[in-house]
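Residue-level listing of the chains:
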Amino acid sequence: MNELTKKAAIITGASSGIGKAIAHHLAEQGADVVLAARRSERLKELAEEIQQTYEVKAKVVETDVTNKEDMERLVQVTKDEFGRVDIFVNNAGVMLLSFMKNDHVDEWDQMVDVNIKGVLYGIHASLPTMIEQGAGHIINVSSVAGHEVFPSSTVYSATKHAVRALSMGLEKELSRSGVRVTNVSPGAVDTELTDHITDGDVIDMFKNRSMEPLVADDIARAVAYAVTQPETVNVNELIVRPMHKQDSE
Ligand SMILES: NC(=O)c1ccc[n+]([C@@H]2O[C@H](COP(=O)([O-])OP(=O)(O)OC[C@H]3O[C@@H](n4cnc5c(N)ncnc54)[C@H](OP(=O)(O)O)[C@@H]3O)[C@@H](O)[C@H]2O)c1
């Protein structure tokens, strides 16, 4: 089954977690992949791994999604190499959970920059090409926190609600353009995402939580499902939560 043969897919945040798993799954389906993130050494290792495993090309473009020129270059490099952009996965994100009273204003800035502006720059960079092609697929990775708000997720949730609003608006505006839009909302997934939390109150709160999270492959399969549907099918929203085997909350 190689449903994505001859397609070119860009994945941001491909250096770890969900993005890395998405890169694997799209390559498995035959897509050439362009891997974007800041940690280029990790991307190079992944590109080698992918090229050794699947019969596809994997290209690395060191990218900071908060930099508009980086995102424009990412798309240009993809077009130079593969002649088109079929799939753009806006996956890069940070989840710096903190309580509002603890005033982590620099982390609020970072989440707005990466989670909202990064997605906007991804749309800015890729959409004109997709509209010109009359075909394409934008995947935005939001979160269950884009549907609900939890204590300490206030700003993160605000950014992920914004991502979902962008997906909803895009889908409506593009419904006759040939460009499909999918918003993916994962629940808890075991990745590096929580390693960057600095608020001691949140770290303490997490110590008392016991639940079995999803693995990154669980989300990557959902993305692979959306992009391998017939071109007449627009999968707009996917929410993927873990089964809570045990949760003390
Ligand atoms: N894990 C969960 O429970 C969960 C739940 C719901 C939604 N999500 C969402 O899923 C997405 C992926 O997260 P993950 O769980 O896979 O976490 P992760 O392992 O920490 O991956 C985050 C990725 O984002 C990239 N990134 C961060 N800042 C960036 C920047 N300025 N420019 C370019 N890339 C940047 C990182 O790459 P570099 O550091 O190399 O740049 C990394 O590849 C995020 O949008 C997250 O909000 C995750």
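Structural data are supplied above this passage.
First, a word on scope: everything that follows refers to the structure included in this document. Since the structure is predicted, the reported quantities are computational estimates derived from the model, not experimental observations.

As for the overall build of the protein chain
Now for step 1: From N to C terminus, the protein chain includes seven helices and seven strands.
Now for step 2: Its C-alpha atoms give the protein chain a radius of gyration of 17 Å, near enough to 18 Å, the size a compact globule of 249 residues would have.
Now for step 3: Overall, the C-alpha framework of the protein chain stretches about 50 × 35 × 35 Å when taken along its three principal axes.
Now for step 4: The proportion of buried residues among the 249 residues of the protein chain is 52%.
Now for step 5: The long-range share in the protein chain, meaning contacts at least 24 apart out of those at least 6 apart in sequence, stands at 72%.
Now for step 6: Accessible surface, the protein chain: about 11900 Å² in total, of which carbon and sulfur atoms supply 49%.

Concerning the site of the ligand
Now for step 1: Near the ligand you find 28 residues, and of these Arg38, Arg39, Tyr156, Val189 and Thr191 are the closest.
Now for step 2: Between an oxygen atom of the ligand and a side-chain N or O atom of Ser15, the distance comes to 2.8 Å.
Now for step 3: Contact between the ligand and Asn91: an oxygen atom at 2.8 Å from a main-chain N or O atom of the residue.
Now for step 4: Taken by itself the ligand offers 880 Å² of open surface, and the protein chains cover 95% of this.
Now for step 5: If you list the elements that add at least two residues to the shell around the ligand, you get α1 (17-28) and α5 (154-173).

Focus: the sheet that holds strand β5 (residues 136-141)
Now for step 1: Read from one edge of the open sheet, seven strands run β3-β2-β1-β4-β5-β6-β7, paired in parallel fashion. Where the open sheet ends on each side, the last strands, each with one partner, are β3 (58-62) and β7 (237-240). Neighbour-to-neighbour, the strand axes of this sheet turn through a mean angle of 15 degrees, independent of strand direction.
Now for step 2: For strand β2 (residues 32-37) and β3, the ladder comprises five bridges, and the chain directions are parallel. Bridging from a neighbouring strand, Ala36 pairs with Val61 of β3.
Now for step 3: Packed on one face of the sheet, helix α2 (residues 40-53) meets β2 and β3 and runs near 175 degrees to β3.

Some details on helix α3 (residues 68-82)
Now for step 1: For α3, with 15 residues, the first-to-last C-alpha span of 21 Å sits near the 21 Å given by 1.5 Å per residue.
Now for step 2: Within α3, the full set of buried residues consists of Asp70, Met71, Leu74, Val75, Thr78 and Phe82. One side of α3 holds all its buried residues, which, seen down the axis, span an arc of 135 degrees.
Now for step 3: Where α3 is buried, its residues touch β1 (8-12), β2, β3, β4 (87-90) and α4 (105-133).
Now for step 4: Measuring from the backbone nitrogen of Glu69 back to the side-chain oxygen at the start of α3 gives 2.9 Å, which picks out Asn67 as the cap.

Remarks on the pairing of β5
Now for step 1: The element β5 is largely enclosed, with a buried count of six among its six residues.
Now for step 2: Judged by which residues are buried, β5 turns out to be covered on both faces: Gly136, Ile138 and Asn140 on one side and His137, Ile139 and Val141 on the other are all buried.
Now for step 3: As paired strands, β4 and β5 are joined by four bridges and run parallel to one another. For Val89, the partnering residue across the bridge sits in β5 and is Ile139.
Now for step 4: Of the pairings in the sheet, the one linking β5 to strand β6 (residues 179-186) comprises six bridges and is parallel in character. Bridge pairing links Asn140 to Asn183 in β6.

Describing unusual backbone geometry
Now for step 1: Its identity as a non-glycine residue notwithstanding, Asp103 has a phi of 55 degrees, on the positive side.
Now for step 2: Relative to the assigned elements, Asp103 resides in the loop between β4 and α4.
Now for step 3: In this model, Ser152 sits at a positive phi of 85 degrees, which is unusual for a non-glycine residue.
Now for step 4: Among the structural elements, Ser152 can be located in the loop between β5 and α5.

Regarding the environment of Ser175
Now for step 1: Relative to the helices and strands, Ser175 is located in the loop between α5 and β6.
Now for step 2: For the pair Ser175 and Asn234, spaced 59 residues apart in sequence, the C-alpha separation works out to 8.7 Å.
Now for step 3: A polar atom in the side chain of Ser175 sits 3.5 Å from the backbone oxygen of Lys172.

Overview of the pattern of salt bridges
Now for step 1: On inspection of all chains with the given rule, the structure shows nine salt bridges.
Now for step 2: Across the salt bridge formed by Arg39 and Glu192, the nearest N and O atoms sit 3.3 Å from each other. One end of the pair, Arg39, is in the loop between β2 and α2; the other, Glu192, is in the loop between β6 and α6 (200-207), and 153 residues separate them in sequence.
Now for step 3: Relative accessible area serves as the criterion here: at 23%, Glu192 is assigned to the partly exposed category.
Now for step 4: A single salt-bridge network, built from bridges that share partners, covers Arg39, Arg42 and Glu192.

What counts, and where the lines are drawn
Residues numbered from 1 in each chain as written. Predicted model: local features only at pLDDT ≥ 70, side-chain atom pairs only at ≥ 80, totals over all residues. Heavy atoms only, no water. Helix = DSSP H or I, 4+ residues; strand = E, 2+ residues; numbered from the N terminus. Rg over C-alpha atoms; globule rule 2.2 N^0.38 Å. Buried < 20%, exposed > 50% of the residue type's maximum accessible area, 1.4 Å probe, protein only. Contact = heavy atoms within 4.5 Å. Areas by Shrake-Rupley, 256 points an atom, 1.4 Å probe, with all protein chains shown as cover. Near = heavy atom within 4 Å. Polar contact = N/O pair within 3.5 Å; in protein donor to acceptor, adjacent residues only side chain to side chain. Pairing = 2+ DSSP bridges. Axes fitted to C-alpha atoms, helices over the stretch in contact; angles between N-to-C directions. Expected span 1.5 Å × (residues − 1). Arc of directions from axis to C-beta. Salt bridge = Lys/Arg side-chain N within 4 Å of Asp/Glu carboxyl O.

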